[in-house]
Amino acid sequence: MSISSKDSPSFMTHRGIFISFEGIDGAGKSTHIEALAHAFEAQGRAVTLTREPGGTALAEKLRTLVLNEAMDALTEALLVFAARRDHLQQLIEPALVRGDVVISDRFTDATFAYQGSGRGYDWKTLLYLERLVQTAQGLEGDFVRQPDLTLWFDLDPDIAAARLAGARVPDKFESQSAEFFRRVSGGYERRMQADSKRFARIAADNLRDVVWQHVLQAVQQQGWLP
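Residues numbered from 1 in each chain as written. Predicted model: local features only at pLDDT ≥ 70, side-chain atom pairs only at ≥ 80, totals over all residues. Heavy atoms only, no water.

1. Considering the sheet that holds strand β3 (residues 101-105)
So, step 1. Here 5 strands make up an open sheet; going across it, the order is β2-β3-β1-β6-β7 and the pairing parallel. Each edge of the open sheet is held by one strand with a lone partner, namely β2 (47-51) and β7 (199-203). Each neighbouring strand pair of the sheet contributes to a mean axis angle of 20°, computed without reference to strand direction.
So, step 2. Pairing of strand β6 (residues 149-154) with β7, which is carried by 5 bridges, proceeds in the parallel orientation. Its bridge partner being in β7, F153 is matched across the sheet by I202.
So, step 3. The sheet strands contacting helix α4 (residues 108-118) are β1 (17-23), β6 and β7, and the helix crosses β1 at an angle near 20°.
So, step 4. Strand contacts of helix α7 (residues 178-194): β1, β6 and β7, with the helix running at about 145° to β7, the strand carrying the most contacts. (Pairing = 2+ DSSP bridges. Helix = DSSP H or I, 4+ residues; strand = E, 2+ residues; numbered from the N terminus. Axes fitted to C-alpha atoms, helices over the stretch in contact; angles between N-to-C directions. Contact = heavy atoms within 4.5 Å.)

What follows is the structure in structure tokens.
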């Protein structure tokens, strides 16, 4: 969902920024995604809000399959990466070229956390798919597209489960056990250790205002907000 356009005063005056929010279900990302978008808009930036799986008409159809249909971990991973390829080509890359701030509710780290660590699928195969799907072109040649900053909302699975209880009919991931989400959290930890400069770890068990301050500080440290 785009909440600004190329007609914004910031069009072609800023380089694009790509920020992802990560964390297990119930970690409380949504409120802070909206708040961060408004903070950038207040500075005159064009912002594109999106999510994974999803973000395009095709990717949203694949999202419905992934979240609701029974399938093995490889099938899940292939569908998620197919959705991501379309998402990158149709939405993310064009928005970054325009100079937008792209804020995505999850990106590739979630695939490693959920299908890799949660489902136990082969990490090396996921790394291969990541390179295959996310290769983009820049001034210095090809590179693997990653967020400029990933905000990982780290939360104990038992607390997350309590937050989700009764909120809505859970999808097949939200209904998983606390042990599943502990493995997922371990996957996020592993991704952070492999690319620590990209990650900001947010303690999501704090009060909402405290969490927001930590989110804001992580973005300010990049020099993107005053």
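2. Some words on the packing of α4 against α7
So, step 1. Running from N to C, α4 and α7 point in directions that differ by 130°, and their axes come no closer than 8 Å. As the angle between them shows, α4 and α7 are arranged oblique. Remark: the crossing between α4 and α7 carries right-handed chirality. Each of T108, D109, A110, F112, A113, Y114, S117 and G118 in α4 lies in contact with α7, whose residues at this interface are F180, F181, R183, V184, G186, G187, Y188 and R191. (Parallel < 35°, antiparallel > 145°, perpendicular 65-115°, else oblique. Left-handed = near helix turned anticlockwise from the far one by under 90°.)

3. With respect to helix α2 (residues 57-68)
So, step 1. The end-to-end C-alpha distance of α2 is 17 Å, a good match for the 16 Å that 12 residues give at a rise of 1.5 Å each.
So, step 2. Against the buried residues of α2 lie β2 and α3 (73-98). (Expected span 1.5 Å × (residues − 1).)

4. Digging into the packing of aromatic side chains
So, step 1. Enumeration according to the criterion identifies 7 aromatic pairs in this entry.
So, step 2. Here F18 and F107 contribute two aromatic rings whose centre-to-centre distance is 5.0 Å and whose plane-to-plane angle is 80°, an arrangement assigned as edge-to-face. With F18 in strand β1 and F107 in the loop between β3 and α4, this residue pair connects regions lying 89 residues apart in the sequence.
So, step 3. Residue classification places F18 among the buried residues on the basis of a relative accessible area of 0%. (Phe/Tyr/Trp six-rings, centres within 6.5 Å; stacked < 30°, edge-to-face > 60°. Buried < 20%, exposed > 50% of the residue type's maximum accessible area, 1.4 Å probe, protein only.)

5. A word on the side chain of R45
So, step 1. Looking at the element boundaries, R45 is found in the loop between α1 (29-42) and β2.
So, step 2. At 7.0 Å, D100 is the nearest oppositely charged side chain to R45, a buried residue that forms no salt bridge.
So, step 3. Within the structure, the side chain of R45 is placed 2.9 Å from the backbone oxygen of R15, a separation counted as a polar contact.
So, step 4. At a separation of 2.9 Å, a polar atom in the side chain of R45 contacts the main-chain carbonyl oxygen of G99. (Lys, Arg positive; Asp, Glu negative; His and termini not counted. Salt bridge = Lys/Arg side-chain N within 4 Å of Asp/Glu carboxyl O. Polar contact = N/O pair within 3.5 Å; in protein donor to acceptor, adjacent residues only side chain to side chain.)

6. Some points on the side chain of T111
So, step 1. Mapped onto the fold, T111 is located in helix α4.
So, step 2. For T111, a relative accessible area of 1% corresponds to the buried category.
So, step 3. The residues touching T111, leaving out its near neighbours within four places in the chain, are V80, F81, R84, G116 and L126.

7. A closer look at the environment of L216
So, step 1. Considering the arrangement of structural elements, one finds L216 in helix α8 (residues 208-220).
So, step 2. Residue L216 is classed as buried on the basis of its relative accessible area, which comes to 17%.
So, step 3. Sequence-wise, L216 and L36 are 180 residues apart; in three dimensions their C-alpha atoms are separated by 7.5 Å.

8. Considering the nonpolar core
So, step 1. Counting 48 residues, the largest nonpolar core has I19, L36, F40, I103, Y114 and L151 as its most contacted members.
So, step 2. No other element matches α8, which puts 6 residues into this core.
So, step 3. Residues in contact with I103, not counting those within four places in the same chain, are I19, F21, I33, L36, A37, F40, V47, T48, L49 and T50.
So, step 4. Core analysis: the next-biggest nonpolar cluster, separate from the first, contains 8 residues, F18, L88, I92 and A95 among them. (Core = buried A, V, L, I, M, F, W, Y, C linked by side-chain atoms within 4.5 Å.)

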